[in-house]
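Given next are the chains, with one letter for each unit.
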Amino acid sequence: MNNMRMLAEEEENDDGTEVTWEDQQRINTFSKLNTRLRSIEERLEELKQEKEALDDLSTELELTDEDESVLYKIGESFLHLPQPRAMKRLEKDQAVLSAQVLDLSAGAEQCEKEMKELKVTLYARFGRAINLDE
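Residues numbered from 1 in each chain as written. Predicted model: local features only at pLDDT ≥ 70, side-chain atom pairs only at ≥ 80, totals over all residues. Heavy atoms only, no water.

**What to know about the nonpolar core**
Leu61 and Ala86 are the most contacted members of the largest nonpolar core, which has 24 residues in total. Among the elements of the structure, helix H1 (21–63), strand S1 (69–74) and helix H2 (83–126) are those that each provide at least two residues to this core. Sorting elements by how many residues they give to this core places H2 first, with 11 residues. Residues in contact with Ala86, not counting those within four places in the same chain, are Leu61, Val70, Tyr72 and Leu81. (Core = buried A, V, L, I, M, F, W, Y, C linked by side-chain atoms within 4.5 Å. Buried < 20%, exposed > 50% of the residue type's maximum accessible area, 1.4 Å probe, protein only. Helix = DSSP H or I, 4+ residues; strand = E, 2+ residues; numbered from the N terminus. Contact = heavy atoms within 4.5 Å.)

**With respect to H1**
Helix length check: H1, at 43 residues, gives a terminal C-alpha distance of 63 Å against a target of 63 Å (1.5 Å per residue), a fit within 8%. Burial in H1 covers these residues: Asp23, Phe30, Leu33, Leu37, Ile40, Leu44, Leu47, Leu54, Ser58 and Leu61. (Expected span 1.5 Å × (residues − 1).)

**So, the side chain of Gln94**
With respect to the helices, strands and loops of the structure, Gln94 is situated in helix H2. Filtering out sequence-adjacent residues up to four positions away, Gln94 remains in contact with Leu54, Asp55 and Ser58.

**Observations regarding the pairing of strand S2 (residues 77–82)**
The pairing of S1 with S2 spans 6 bridges and is classified as antiparallel. Along S2, the bridge assignment pairs Ile74 with Ser77. Once S1 ends, the chain turns through 2 residues before running back antiparallel as S2, passing Gly75 with a positive phi of about 70°. (Pairing = 2+ DSSP bridges.)

**Some thoughts on the environment of Leu81**
Within the secondary structure, Leu81 sits in strand S2. On the accessibility criterion, Leu81 (7% relative accessible area) is buried.

**Regarding the pattern of salt bridges**
Scanning the entire structure with this criterion turns up 6 salt bridges. Where Asp23 meets Arg125, a salt bridge forms, and the shortest distance between an N and an O atom there is 2.7 Å. Here Arg125 lies in helix H2 and Asp23 lies in helix H1, a separation of 102 residues in the sequence. When its relative accessible area of 3% is taken as the criterion, Asp23 is described as buried. Relative accessible area serves as the criterion here: at 35%, Arg125 is assigned to the partly exposed category. Of the charged contacts in the structure, one is a salt bridge between Asp133 and Lys119, with a shortest N-O distance of 3.0 Å. (Salt bridge = Lys/Arg side-chain N within 4 Å of Asp/Glu carboxyl O.)

**Regarding the UniProt feature "coiled-coil region" (unreviewed entry) in the chain**
Per the UniProt entry, the sites bearing "coiled-coil region" (unreviewed entry) are residues 30–67 in this numbering. Summarising residues 30–67: 89% helix, 0% strand, and an end-to-end C-alpha distance of 56 Å. (UniProt positions renumbered as here; feature names shortened; annotations may be inferred.)

Have a look at this one:
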């Protein structure tokens, strides 16, 4: 019964590596960055779907007559706007959305860069005793 093991002997890490305050701070920072990255990725997905919707709307607005009034959503309200004005508003909204996507993408890249640096440091210190992958 004693010869049943969960890990092979060479995989067991019983060297008693002590976790210092600095190590704990690095682990906490990694966790915060990981949470921030997941949040950014979720928001990016939402913005990409919104961008697709605006692209579809742009196509639909191009097919309408310039004399027609169209309903355009601003915040929680729908307003009647002339087609040319709605197109200008749509272009502005698309530009704002693209800027938000770029900002979030840059934030995600920064988080990934910092997480990679922390992974190198923490894996060098703890080896298999720590798991920083999802």
